[in-house]
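# Architecture and fold: a report
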Amino acid sequence: MNLWKAELKRVLKTRSVRILLPAALLLSVLMAYFPVSFVTYTYLDDKKQEVTITGLEAIQMKKESRKDFSGVITPELLSRALLQYQETENTYGDINDPDFSLDIYNQNIYPLGSLIMRMREVYVDPKTGVAKEASALGSEDALGFYEQCPVHLKELMKMEQTDYPSAQKIADSLFEKVTFPYEYYPGYDSNALEYVGLCIFLLILICTFIASTVFAADYQTGADDIIRCTRYGKLRLAVVKISSALLIFTVTFAVCIGIFSLISNTAFGWECRKTSLQIIESSVCLTALNLGQVQNLVIFAGFLTLLATVSFTLFLSSKCRSNTTAIGLSIVFLVAPSFLYMFFGGEATKWIRCLLPSGGTGMSNSFYYTLISFEFLHLGDASFLPGQIMLIAAAIEIPLFLLLTVVSYCRHISR
């Protein structure tokens, strides 16, 4: 225990760690603040002058304007929204006209935005993929929205996964678990949800930088040669170094994500967590979860990805004799999934991207995007969900690379 405490103290007193851990805390606050600051709302004041507000005030104005079309989205509510939209357009003209009255837009059109978009989405031409205009929809279309959703999904999957009937069957089975009717509580949107993944990526980046020097720093300075001469065995030293590092990363992740979630959900409103994912992403999104459950799942996947990434980084650190090499290799493997996603295609690349320890993090290739996309991995005639593969791979890689790290450290030969 004394050795473990000494190692924990040594890591925490490292100059880079004393800088990076407060930076992680600051970044978590900033990542929660940015989506709030990006929210804007424009209206006409008493003098008919345009006024644009931002932040918390804008969020409250948006929530207030949409309160009549929130809650449980029944077919009758959809029909009322469609009728209001069409009556406004018939009375005041094209809502896309730059001269369209801002007051009328904010009062009659803006509150309906998400609902009209979702209705147009499911009534697309199956041959061209072009969505119907709201003016072309009727009351019967609104009332039949939930019956049309699975129909639209089948048409979409036939276009997206033409050669893979197995993917089409998986999509159908997943969508059967989606709860109707949808719920909508305005405030939280897809941009805010994306920042959960972005915050996790930055935390993993910081932890990767710290983990890369756990063994390599002692190799480089020669301190490891001295430590190995003590009465403690190499196996015990390896376990102490690994366990203390993992404790630091776990506490850092829990504190930073806890602060991020508290700030973000308080700003947008905790009731927003009950909103169906299908309302803010796609009417036929395959994930049968609300926003709160998606947040929790993304955080869980992020933690698994963190552990898998730092486990692999510790393994690299146990192999490298200098900090520069260890840090460079660690960063390369961390960003590899994003690089492969942006510049390479093909089925093999998709598998590699998902199987890498850092496969669950990044930008458009992160775990969150697997929940809202219709992408599948294929192996012969079989199809698999990328998100599931990411989680399974991470769960296997954590003990695997930790074991390899112990073996590598015990076999390390000093210069």
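Please refer to the structure higher up on the page.
To keep things clear, this report deals only with the structure shown in the data block. Just so it is clear, the model here is predicted, and its values are computed rather than measured.

In this section: the packing of helix 4 (residues 75-92) against helix 6 (residues 113-122). Viewed as axis vectors pointing N to C, helix 4 and helix 6 meet at an angle of 100°, and their least axial separation amounts to 10 Å. The angle between helix 4 and helix 6 falls in the class roughly perpendicular. Taken together, the residues of helix 6 that come into contact with helix 4 (itself represented by L78, A81, L82 and Y85) are L115, I116 and M119.

So, about helix 16 (residues 323-343). Over its 21 residues, helix 16 runs 29 Å from end to end, which matches the ideal 30 Å to within 8%, given 1.5 Å per residue. Along helix 16, the sharpest change in direction is near 45° and occurs at A336; proline P337 comes one to four residues later. Within the span of helix 16, buried status applies to A326, I327, S330, L334, A336, P337, S338 and L340. Looking at the buried side of helix 16, the elements it contacts are helix 10 (190-211), helix 11 (216-221), helix 15 (291-319) and helix 17 (347-355).

Turning next to a nonpolar patch on the surface. A cluster of nonpolar side chains, F339, Y341, M342, F343 and F344, forms an exposed patch at the surface whose accessible area comes to about 580 Å². Positionally, Y341 belongs in helix 16.

On the surface, K9, K13, R15 and R18 cluster together to form a positively charged patch. Every element with two or more residues in the positive patch is listed here: helix 1 (2-13) and helix 2 (15-38). Within the fold, R18 resides in helix 2.

Our next topic: the environment of Q86. Relative to the helices and strands, Q86 is located in helix 4. Look at Q86 and you get buried, because its relative accessible area is 17%.

Take the pairing of strand 2 (residues 50-54) next. As paired elements, strand 1 (residues 40-44) and strand 2 share 5 bridges and run antiparallel to each other. Pairing of T42 across the sheet is with T52, part of strand 2.

This paragraph deals with the packing of helix 16 against helix 17. The interhelical angle for the contact between helix 16 and helix 17, taken along N-to-C directions, is 160°, at an axis separation of 9 Å. Judged by the inter-axis angle, helix 16 sits roughly antiparallel to helix 17. Pair helix 16 / helix 17 crosses with left-handed handedness. Judged by residue contacts, P337, L340 and Y341 of helix 16 engage T349, I352 and R353 from helix 17. Here the contact of helix 16 with helix 17 is built from residues that sort into 4 nonpolar, 1 polar and 1 charged.

The next thing to look at is the environment of Q293. Relative to the elements of secondary structure, Q293 occurs in helix 15. Spatially, the C-alpha atom of Q293 lies 8.5 Å from that of K274, the residues being 19 residues apart in sequence.

In total, this model carries 0 disulfides according to the counting rule given. There is no disulfide at C199, and the cysteine sulfur nearest it, in C256, is 6.9 Å away. Under the relative-accessibility criterion, C256 is labelled buried at 2%.

In this section: the side chain of S338. With respect to the helices, strands and loops of the structure, S338 is situated in helix 16. You can call S338 buried: its relative accessible area is 13%. Once you skip the residues sitting within four places of it in the chain, S338 turns out to touch T361, G362, M363 and N365.

Calculation rules
- Residues numbered from 1 in each chain as written.
- Predicted model: local features only at pLDDT ≥ 70, side-chain atom pairs only at ≥ 80, totals over all residues.
- Heavy atoms only, no water.
- Axes fitted to C-alpha atoms, helices over the stretch in contact; angles between N-to-C directions.
- Helix = DSSP H or I, 4+ residues; strand = E, 2+ residues; numbered from the N terminus.
- Parallel < 35°, antiparallel > 145°, perpendicular 65-115°, else oblique.
- Contact = heavy atoms within 4.5 Å.
- Expected span 1.5 Å × (residues − 1).
- Bend = angle between axes of the 7 residues up to and from the residue.
- Buried < 20%, exposed > 50% of the residue type's maximum accessible area, 1.4 Å probe, protein only.
- Patch = residues over 30% accessible without salt bridge, like charges linked within 9 Å, V, L, I, M, F, W, Y side chains within 5 Å.
- Areas by Shrake-Rupley, 256 points an atom, 1.4 Å probe, with all protein chains shown as cover.
- Salt bridge = Lys/Arg side-chain N within 4 Å of Asp/Glu carboxyl O.
- Lys, Arg positive; Asp, Glu negative; His and termini not counted.
- Charge placed at Lys NZ, Arg CZ, Asp CG, Glu CD.
- Pairing = 2+ DSSP bridges.
- Left-handed = near helix turned anticlockwise from the far one by under 90°.
- Nonpolar A, V, L, I, M, F, W, Y, C, P; charged D, E, K, R; others polar.
- Disulfide = S-S within 2.5 Å.

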